[in-house]
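Notes for the structure review
Chain by chain, the residues:
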Amino acid sequence: MDFLHHSSSSKGKGYFFSPKQISAQTLMCYFVTVCILLTCSSHLASGQESSGCDTVTRLHAEELDLKLFQDSTKHPSYYRYLKVDLKSNYLFVGAMNRIYGLVLNNIELESKRLNQQFPPLPKSMYLCKINGKSESFDCQNHVRFMVRNLTEPNTFYMCSTGSYHPIAYQLQLRSNQFSIVKENLNGIGICPYDPTDNITAILVEKGNPGGIPSLFAGSYANLIKSDPIFWRPPNPLEEVSLAADFVRTIANRNDWLNEPQFVGSFDVDDYVYVFFREVALEYTNCGKKIYSRVARVCKNDRGGRDGLIKNTWVSFVKARLNCSIPGEYPYYFDEIQDVYRAGERFYALFTTNINGLTASAICVYDLKNIDWAFSGPFKEQNDKKLIWLPVPEGEVPQPRPGDCAALGSMRRNEQLPYKLTNFVTRSNMLMDRAVSHTYGKPIFYKSNSLMTKLVGVQNVAGLNEFVFFTSTNTGVIYKIAAWPGLTSLDAPKTYHVTTYIPFSDKRPIWSLIMHKNWVYFGTDMAVGQIEVVKCDMYKKIDLCIYDPHCGWDIVLRECQPNNRERLITYDKIDLLSYSLEEAITKQVGHLYSFEKVSKISGSSVSMDVDYLLHISGTVQWTKGGTPVSGKRHILAKDNSLIVTDLRKSDEGTYEAKDESGRIVARYGLLVETNKEQIEQRWMRKFDQWCDEFERYQEDIRQWERKCQSCCQDSAVTNALPALGGK
């Protein structure tokens, strides 16, 4: 190891240290160098942001102020359903055989916690086991849906898997405990048989037949999953005669629903929209492939009167959702995982198939684009050997399926034209047009990550921006900021600002929900709560201002919550006229400082990169424009340059450039080699030590004077009698 040996001559006179002492000093510098090399590794271990070590701020449990609830540390409880209920101030957690009510502000608080058991029925459990299902998981009672009754206070409808026999309950909340009003209600078609299936259910208040609140749900209607269903079941929440019978998709028709996995449903004006993925029937001539869909039904649809169309939607239509990276050969994200609505827009989370290259994307869909697809031609296959083609306009009945106004008018007169009912009976109700994503591309995508859940919040900073949180099948949560483009036609600028890693192992996150500044998530072993405003963890200006919750304090040179005037925030930098670096420079001045460093020959020097913006990847160091190289030049993981066994030839100006060509550090190095320079340097250091020692002595003298004063006061006090004493 050459840099452990001192290279200067020992023949000069007047040195007050020997070559042996110099070697000892150099050895000390070597150990300092080792410490610097280990710095980046420690940053990664603790989750701290460090330029060149990581691409975004990574926060682990100890930095997240993570709150956890788990009923058992040994056995999984399968916390797979979460619901925020503001009236009771509870986070309701649907688990295996239980419902928990956790206090929203702190899920670890035990004083008001609700914990109620809903065990499976013995008969259902027995039948489940003889059908070959596992007793420990399949044949238990997994709670999957819960909703408040809109007409009776503190009353809830809840359904669960019921040991492969879906069961429902009507509950009443009293004194932090549920009492069962009705049990053993039929939950088939609302909750799944299989605990691993995705379902959707929504309570629609207005627009239904009879004007009563009604559920709309998507699930399976039998154990072997041959009958997928999206329907409006008989109303289980009202003690009144039904204004309308149930209405559903056609039974056992895979051209309507083909092995669907439902991910979300929404009440929008006259319609209920439902999002799901299914095996694409139009692709079967080429193999098996999954497509994502959006379907729509009229809320006032009472179904057909008789025959094959009795109790069947006459307004059901569906279309493919296109989420792809454009190009000559587009890259498709075909499998929708979750969807979030904001006004007239839907933000949907997609993934590639798990058997291929893993990637995830967020695509945006405007309601008008969805309705445009539903107003276009239908798609059909006249023969199984032929390709799918648009249905001629003349064969589409008028009024069209899905025309809610016309449907309501016909229903009032008890009239459904034969052409309409015949078309619905034979058609697959698939539209020829795919729903195009807004901006023509995903607003965010990430490779090597399988994201499964999505929640969002808008206008954190009041600028029409979005903050998304996505969770993965490996226990990671991503915080993604989407700032509006320059015009309404421009795609938003999206930034992956933070990665939350709440667990040391890679466990799937099954449920994700947000309330105020908290994100709650459910895994098989625990429910977690994290606070999403963690501005003090951003160590660089750009990472700070990308997050709408935060801004950079120029005076304190640190990231603060976005509620102060003097902060630099994303909206205050001019990205229209300048690059990011130029815009921030105009706010804070230079992003790095030119430092002059003087060192003794034979010692070592470390030149750090203290750039105020985040640096991705490694940097290239040069001296006088020439790249540095050699055994004595060490590039540490935090991008600092360490030069050992300094020589006169090492003098010069050093610059570091990142992969974008930005200068991120600059140093002027002077190497002292003659006796006078070294003596003067040590004399200056000796004077500093003397000054420090004098300050230390003065502190000792002040302490002694105070001590003497205290001792004298104590002696006087002890000599006097106590107040009231004799």
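Everything discussed here concerns the structure shown above.
Here the structure is a predicted model, which means the values were calculated and not measured. Sequence positions are assigned chain by chain, starting from 1 and proceeding in written order. For a predicted model such as this one, the threshold for reporting local features is a pLDDT of at least 70, and the threshold for listing and counting side-chain atom pairs is 80 or more; totals across whole chains, interfaces and linings nevertheless cover every residue. Hydrogens and water molecules were not included; the side-chain quantities draw on all heavy atoms of the structure.

All right, on to the sheet that holds strand E7 (residues 143-148) then. Across the sheet, which stays open at both edges, the four strands sit in the order E7-E8-E9-E10 with antiparallel pairing between neighbours. Because the sheet does not close on itself, it has two edges, and the strands there are E7 and strand E10 (177-186). Direction aside, the axes of adjacent strands within the sheet are offset by 25° on average. Pairing between two strands is assigned when DSSP locates at least 2 bridges connecting them. Secondary structure elements follow DSSP: runs of H or I of four or more residues count as helices, runs of E of two or more count as strands, with numbering from the N terminus. Where strand E9 (residues 167-174) lies against E10, seven bridges are found, and the strand directions are antiparallel. Only C-alpha atoms enter the line fits that serve as axes; for helices the fit covers just the stretch in contact. Angles between N-to-C directions range over 0 to 180 degrees.

Below, the discussion takes up the nonpolar core. Buried residues of nine kinds, namely Ala, Val, Leu, Ile, Met, Phe, Trp, Tyr and Cys, make up a nonpolar core once their side-chain atoms join them within 4.5 Å. Burial here depends on accessible area, computed with a 1.4 Å probe over protein chains only, as a share of the maximum for the residue type. Under 20% is buried, over 50% is exposed, and the range in between is partly exposed. By size, the foremost hydrophobic cluster in this structure holds 60 residues, and its most contacted members are Phe469 and Trp621. The next biggest cluster of nonpolar side chains, apart from the first, holds 57 residues, and it includes Leu257, Val272, Val297 and Cys298.

In this section: helix H8 (residues 580-588). Within the sequence span of H8, burial applies to Leu580, Ala583 and Ile584. The arc that holds the buried residues of H8, viewed along the axis, is 90°, so those residues lie on one side. In what follows, a contact means two residues having at least one pair of non-hydrogen atoms within 4.5 Å. At its buried positions, H8 is contacted by helix H7 (541-546). Gly589 sits one or two positions beyond H8 and adopts a positive phi of about 90°. Read the arc as the range of directions from the helix axis to the C-beta atoms.

Quick look at the pairing of strand E22 (residues 345-351) now. As a general feature of sheets, a regular strand has side chains that alternate between the two faces. Most of E22 is tucked away: six of the seven residues are buried. Examined bridge by bridge, strand E21 (residues 335-342) and E22 share seven bridges and lie antiparallel to one another. In the sheet register, Arg341 faces E22, and the bridge partner there is Phe346. The antiparallel hairpin formed by E21 and E22 contains two residues in its connecting segment, where Gly343 sits at a positive phi of about 65°. Note: E22 against strand E23 (residues 359-366), seven bridges, orientation antiparallel. Paired with Phe346 across the two strands is Tyr365, which belongs to E23.

What follows concerns the packing of aromatic side chains. Classification of ring pairs rests on two measures: the distance between centres of Phe, Tyr or Trp rings, Trp counted by its six-membered ring, which must be within 6.5 Å, and the angle between planes, read as stacked under 30 degrees, edge-to-face over 60 and tilted in between. By the definition in use, this model includes 37 aromatic pairs. When the ring of Tyr79 is compared with that of Tyr100, the centres are 5.9 Å apart and the planes differ by 55°; the resulting orientation is tilted. Note that Tyr79 is positioned in the loop between strand E2 (67-69) and strand E3 (81-85) and Tyr100 in strand E5 (residues 98-103), a separation of 21 residues in sequence. A centroid spacing of 5.5 Å and a plane angle of 80° characterise the contact between Phe156 and Phe178, whose relative ring orientation is edge-to-face. Linking Phe156 in strand E8 (residues 155-160) with Phe178 in strand E10, this pair joins segments that are 22 residues apart in sequence. Overall, the relative accessible area of 5% leaves Phe178 in the buried class.

It is possible for side chains bearing opposite charge to pair when their charged atoms get close. Think of a salt bridge as a Lys or Arg side-chain nitrogen and an Asp or Glu carboxyl oxygen that are within 4 Å of each other. Counted by the stated rule, this structure contains 30 salt bridges. Taking the shortest distance from any N to any O, the salt bridge between Lys67 and Asp65 comes out at 3.4 Å. In this structure, Arg293 engages Glu282 in a salt bridge whose closest nitrogen and oxygen atoms are separated by 2.8 Å. Of this pair, Arg293 sits in strand E17 (residues 290-298) while Glu282 sits in the loop between strand E16 (271-279) and E17; the two residues are eleven residues apart in sequence, bridging distant segments of the chain. On the basis of relative accessibility, which here comes to 19%, the residue Glu282 falls in the buried class.

So, on to the sheet that holds strand E12 (residues 214-220). If you walk across this open sheet you meet the four strands as E11-E12-E13-E14, and the pairing is antiparallel. Whereas interior strands pair on both sides, the edge strands pair on one side only; in this sheet they are strand E11 (200-204) and strand E14 (247-248). Direction of pairing for strand E13 (residues 228-232) relative to E14: antiparallel, over a ladder of two bridges. By the bridge assignment for E14, Trp231 is matched with Arg248.

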